[in-house]
Amino acid sequence: MTGNEIRRAFLDFFVEHGHLEVASSPVVPAEDPTLLFTNAGMNQFKQVFTGEETRQYLRAVSAQKCIRVSGKHNDLENVGRTPRHHTFFEMMGNFSFGDYFKEEAVALAWEFLCETIGLPKERLYVTIFTEDDEAEEIWTSFTDIDPKRIYRLGRKDNYWSMGETGPQGPCSEILFDLAPTSDTNPNSIDPTDGDRLLEIWNLVFMQYDALPTGEIVPLPSPSIDTGLGLERLASVMQGVGSNYETDLVLPLIEEVSAISGVDYDAGEAGLSHRVIADHIRGLTFAITDGVIPSNEGRGYVLRRLLRRAARHGRKLEMREPFMHLLVPEVVNIFRDAYPETAAAAERVMLVVKTEEERFGETLDQGIQRFEELARSVETNGDVAIPGRDAFTLYDTFGFPLDLTQVMAEERGLPVDVEGFQEALEEQKERSRADRASKAGSMDEEALGAVEIIRPEHGRIFIGYERENQEYDTKVVAIFNQDFQQVVHLDQGEPGYLVLAETPFYVEAGGQAADTGEIRGEASSFRVERVHRFGGVIFHGGMVSAGAVGPGPVVAAIDPVRRERIMRNHTATHLLHAALREVLGDHVQQSGSLVEPDRLRFDFSHFASMSMDEQAEVERWVNRAIQADVALEVREMPQQEAHAEGALAFFGDKYGDVVRVVDVPGWAKEFCGGTHVSRTGEIGFFRLTQEGSISSGVRRIEAITAQDAVEMTIREHHTLLQLREVLGGTGDADLLDHAEQLVRENKSLRKATEKDAVQRGMDQVDELMGNATEIEGVPVVVGRVEAADIGMMRNLADALRNKLGRGVGVLGMELDEKAVLLCVVSDDLVEEGWLAGSIVNTVAEITGGKGGGKPHLAQAGGPDTMKLDEALGSVPEIIRLQATR
């Protein structure tokens, strides 16, 4: 059976037994933003097992795309070295949510293996948890397995838990005998010997619940979670000794051989083929599901995979980008089961090739640097690659630590990981120190002030309601600009106020803080900035009237500034949604800034946006604005928000209850900022800039409302002026006319430059005609005319070539300075003549100095009136040099 046939047979079998076929979730687990990648079939059902979510079905079956590259499920180091380890694999599984339990789970598994796909029963073995007598009874009662082939193992091997708390229970593994003999005695077989008995299916019996108190209690509705590795089962069904030899991987290995011209060897020599084949599977599925190589999180995992594969490509003598050429073969293998791979193939190829090209620029240099390090370690008798050198490879050449470790291992050398981590932490500390120095000591001083504030004060934001721009509150604490508590602040005095509750938005989530005024009965405090330290909100500014003391006040935000910020913030959400719509779901926010006069949005993307893409983004956002949709803002449990499709991002920290800003039909995100009530209030949206800020991260800036209108008017006026300058050309012909003028201008410039070069050569020929010989040395001296210093150097090079042997000194006036160039032929340089020494002596007459290489040197001086005198001194300077 092919891999595709096995997958289909598994799904169909369980559908026939009352299960609902559930599509694989993406390898990026939307249900759990704290998880890097989906690493098991049960991930998408996690909330069902914990009771946080209910489904309309009690039985499910799926074939799940999985990636394991981090944490306790990290198979990366073993990829290609063992027959079974992969970064990407498929986990097939059947699930029961409080429906059937052990009896039916065991019976179904046995029926599928023995009857549906026909595995020989005599080659199947089973392990159970040592304390699970019930499981052994079920296996002997509901199947015809030989009881001698049932082994009891401990908690390490046959007990599963979701975590320290939550569902857990014993499990039963089904093993396949890879090396049967006619007289096999089950008692002589070690059930943990993976080379003999291959684990193909794990049945987890979730029957207990671990409470926070440590107590283990029975679950009210026991459930089933099973996992069957498709690649492993395919190796059994296809009679091969390695997953890499199945039809799910081998075509990729063969493609690597075709591209590299290096035949595949199933032994150690084929390691590079296997690593590349494995990694391109993981890369293709991850990029298809929206991940882009970057320097953090999931993106950095992809970058590591691609760079490891690229280095293995070098071992196969592939020095040009090649990984992207493997993507079509991945699609060929998986298009029927996962059609999304075909739809995303072109984008995946572009992302992979772009990343390959970027790393290729430093890969060879990094490999050379590593070889130098390794030789030095071996020569000096050191025990390991120094951690700081490994960090240099990471920081300068982009080598992930694990790549350096692999290369070192190939030479029998360890890497000082502790030293690497120390160097990495020092770099992070320097970055933190830089940020802290920019921020000053404000944080530390403010935290001291926080201790004075009562717990119920200074922590509540009440500014979401737009109808009221002024709020009654009270001043509960006053600090000077050094965060020392004071009784009051006098007029003109800067400081900080803490209010019982505040309508002033604190700078957070990229949104700029509010400004405004805090008014007492006879005082006014101008709020210029708002910060949160230790949970307390501090209003920084200056007293503009009277003296501010504790007591009742009116807090009034600047309504115009707030409105402008709200327009830009809602526009940022629409921009994010538009980018995902136009460029793809791989787009994720990497940072943002929302200010009154502009918005800035950083996002993951692998290439510059075309003009058409930028135009479509503008159209999309403006359509949303014209729709005048009413926003819906709600607080809800985090899991519910995820289920509704609200965008949240890996690495962000959220509480159990989150605030969701929804533009129905357009955009939905977790957000704590302030927004307009309807999209129509934004008015108009225009992009102003788009560019790269780092590898895999782009930045867009935009404006809204009247700012966008004014920009459009300016552009229209410019267009009208261009039309007038170009002689009344219509819009349709304007670009063609301008391009024609540019072409003509380039042609004229080339002709002018050509004439200038010819005139320069004529000058050189004329100077050569006036050459003299001093003490046997040919000497050419004279003024020249050139447009710039570059052209003057060209003339000097031409003179040196024509001289063959001798010295030349040229002079001219440029930008009100005397400029001198000296050239010396190679034979004279070998005799000790130095162009720098000569030109420096000549330049002294003009009040200047200079220097350069032995054969070409430049000098300059402020006194142009003495340029001819300086040139006239050259013969005597040459005479002195020749007779020295």
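Higher on the page you've got the structure.
No experiment lies behind these values; they were computed from the predicted model shown.

### Here we look at the environment of Arg623
Here Arg623 lies in helix H18 (residues 611-626). Along the primary structure Arg623 and Leu735 are separated by 112 residues, whereas in three dimensions their C-alpha atoms are 28 Å apart. In this view, Arg623 contacts Glu616 and Trp666; residues no more than four positions away in its chain are not counted.

### Section: the sheet that holds strand E19 (residues 599-604)
Strand order in the open sheet formed by four strands is E18-E19-E24-E23, with antiparallel pairing between adjacent strands. Looking at strand neighbours, the two that pair on one side only are strand E18 (589-594) and strand E23 (685-694), the edges of this open sheet. Averaged over all neighbouring strand pairs, the angle between strand axes comes to 15°, with direction disregarded. Bridge count for E23 against strand E24 (residues 697-704) is eight bridges, and the pairing is antiparallel. Bridge pairing in E24 places Arg686 opposite Ile703. Against the sheet, helix H17 (residues 559-583) engages E18, E19, E23 and E24, with an angle of about 25° to E19.

### Quick word on the packing of helix H8 (residues 271-288) against helix H10 (residues 327-334)
Packing of H8 against H10 brings their axes to within 10 Å, and their N-to-C directions diverge by 80°. Considering the angle they form, H8 stands roughly perpendicular to H10. Of the residues in H10, those in contact with Ile280, Arg281, Thr284 and Phe285 of H8 are Val327, Val330 and Phe334. For the contact of H8 with H10, the class distribution of residues is five nonpolar, one polar and one charged.

### Remarks on the pattern of salt bridges
This structure, assessed with the given rule, holds 50 salt bridges. Of the charged contacts, one joins Arg152 and Asp133 as a salt bridge, the two residues approaching to 2.9 Å between their closest N and O atoms. You can see Arg152 sitting in strand E7 (residues 150-153) and its partner Asp133 sitting in helix H4 (residues 133-142), a full 19 residues away along the chain. Residues joined by salt bridges that share partners form a network here, namely Arg634, Glu644, Asp662 and Lys668.

### Description of the packing of aromatic side chains
Under the counting rule described, the total for this entry stands at 35 aromatic pairs. Ring centres of Tyr125 and Tyr151 lie 6.1 Å apart, and the angle between their planes is 15°; this geometry places the pair in the stacked category. Of this pair, Tyr125 sits in strand E6 (residues 124-129) while Tyr151 sits in strand E7, placing them 26 residues apart in sequence. Accessibility classification places Tyr125 together with Tyr151 in one group, the buried group. Here the aromatic cluster, defined as three or more aromatic residues joined through ring pairs, consists of Phe10, Phe13, Phe14, Phe112 and Trp201. The ring of Tyr159 carries the charged tip of Arg155 above its face, separated from the ring centre by 4.0 Å. Above the face of the Tyr464 ring, Arg659 is positioned so that its terminal group lies 3.7 Å from the ring centre.

Basis of the calculations
Residues numbered from 1 in each chain as written. Predicted model: local features only at pLDDT ≥ 70, side-chain atom pairs only at ≥ 80, totals over all residues. Heavy atoms only, no water. Helix = DSSP H or I, 4+ residues; strand = E, 2+ residues; numbered from the N terminus. Contact = heavy atoms within 4.5 Å. Pairing = 2+ DSSP bridges. Axes fitted to C-alpha atoms, helices over the stretch in contact; angles between N-to-C directions. Parallel < 35°, antiparallel > 145°, perpendicular 65-115°, else oblique. Nonpolar A, V, L, I, M, F, W, Y, C, P; charged D, E, K, R; others polar. Salt bridge = Lys/Arg side-chain N within 4 Å of Asp/Glu carboxyl O. Phe/Tyr/Trp six-rings, centres within 6.5 Å; stacked < 30°, edge-to-face > 60°. Buried < 20%, exposed > 50% of the residue type's maximum accessible area, 1.4 Å probe, protein only. Lys NZ or Arg CZ within 6 Å of the ring centre and 35° of its normal.

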